[in-house]
Amino acid sequence: MSLILARMKPTLILYASRDGQAKHIAQTLQQHLAQQAVHSELADLKSPPNMSKSWQAIIVVASVRYGRHHAEVQQFFEHHTLLAPLAVMSVSLNARKGDGTPNGYLKKLLAQHHLQPFTAMSVAGRLDYPRYGWLDRQMMRLIMKMTDGPSDGKCCVEYTNWQHVADFADTVRRYVQQEAASAKPL
Ligand SMILES: Cc1cc2nc3c(=O)[nH]c(=O)nc-3n(C[C@H](O)[C@H](O)[C@H](O)COP(=O)(O)O)c2cc1C
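Keep in mind the model is a prediction, meaning the values are calculated, not measured.

> Break down the site of the ligand for me, citing the residues and quoting the values.
What surrounds the ligand is a group of 21 residues, the closest being S17, Q21, V64, Y105 and R126. In this structure, an oxygen atom belonging to the ligand sits 3.1 Å away from a main-chain N or O atom of G20. Here an oxygen atom of the ligand sits 2.8 Å away from a polar atom, N or O, in the main chain of A22. In the complex, the protein chains occlude 96% of the 640 Å² of accessible area that the ligand would expose alone. One can see that the ligand is located within the largest pocket.

Structural data, given as structure tokens:
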């Protein structure tokens, strides 16, 4: 095992977030990986690091607003040819009713950019009415009403299933360890 760890390159975790939940999830993923001796670097997709560096894997954690992942996610996949295996986690409130299986938003993102990640998951985010501006709050109340969620404009609910996040980290950990184990010695 120590030989595998010595061969392993760092994993890059990129996040795209507006209200902090996707960032919090990305940080939690990094902690899970660190506990399993998988070294990773965390960065905001608004200013990604040098993509020509050699990574063991790249994880993208991105939240959804008004039916789409943020612009920097679209731009990242448009402008970069990924040189390492990809894992994607999409964060939305729609995912609160799912079991982690990719939902429509995530399937659309993968199809749009012809992505074939080794793992992909839709995870629920956080509803935080007091944080939103007036218009976003009204829109979110309407969406929540239509999907049987809370519409009291004062409420704040974290729907993230942290077990799903831990499972995702474990899948990544197993994948990168296998990759490192099967890599040719330098
Ligand atoms: C203005 C706004 C629009 C949103 N639009 C959607 C949406 O279309 N579908 C959905 O499932 N969730 C939607 N959400 C919920 C967010 O995806 C969820 O709150 C997520 O946790 C936000 O992640 P962040 O904190 O990283 O920005 C929206 C939230 C806001 C504030």
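There's more to say after this.
> Go over the packing of aromatic side chains, please, and point to the residues and values.
Applying the stated criterion to the full structure yields three aromatic pairs. Pairing F118 with Y175 gives two aromatic rings, centres 3.7 Å apart and planes at 5 degrees, and the pair type is stacked. Within this pair, whereas F118 is found in the loop between α4 (104-112) and β6 (119-124), its partner Y175 is found in helix α6 (residues 162-182), the two being separated by 57 residues in sequence. In this structure Y175 comes out as partly exposed when scored by relative accessible area, which is 23%. The aromatic ring of Y159 is capped on one face by R96, whose charged end is 5.6 Å from the ring centroid.

About the thresholds
- Starting afresh in each chain, residues are numbered from 1 along the sequence in its written order.
- With the structure being a predicted model, the display of local features is reserved for residues of pLDDT at least 70 and the display and counting of side-chain atom pairs for 80 or more, all residues being used for whole-chain, interface and lining totals.
- Side-chain numbers here rest on the full set of heavy atoms in the structure, without hydrogens or water.
- Note on terminology: near, applied to a residue and a molecule or strand, indicates that one of the residue's heavy atoms is within 4 Å of it.
- The definition of a polar contact used here is a pair of N or O atoms within 3.5 Å, where within protein one atom must be able to donate a hydrogen and the other to accept one, and adjacent residues in sequence count solely through side-chain atom pairs.
- In this description, accessible areas are obtained by the Shrake-Rupley approach with a 1.4 Å probe, and a residue is regarded as covered only by the protein chains that are shown.
- Using only the protein atoms, space was sampled on a 1 Å grid; points where a 1.4 Å probe fits but cannot get out form cavities, open sets with protein on both sides within 12 Å along at least five of seven lines form pockets, and lining residues are those with an atom within 4 Å of a point.
- Pocket occupancy is defined atom-wise: a molecule lies in a cavity or pocket when more than half of its atoms are within 2 Å of its grid points.
- Aromatic rings from Phe, Tyr and Trp, with only the six-membered ring used for Trp, were paired whenever their centres fell within 6.5 Å, and each pair was classed as stacked if the ring planes differed by under 30 degrees, edge-to-face if by over 60, and tilted otherwise.
- Secondary structure elements are taken from DSSP: a helix is a run of H or I of four residues or more, a strand is a run of E of two residues or more, and numbering for both begins at the N terminus.
- Throughout, exposure labels follow a simple rule: accessible area from a 1.4 Å probe, protein chains only, divided by the maximum for the residue type, with under 20% read as buried, over 50% as exposed, and the rest as partly exposed.
- Here, a charge over a ring is recorded when the distance from Lys NZ or Arg CZ to the ring centre is within 6 Å and its angle to the ring normal is within 35 degrees.

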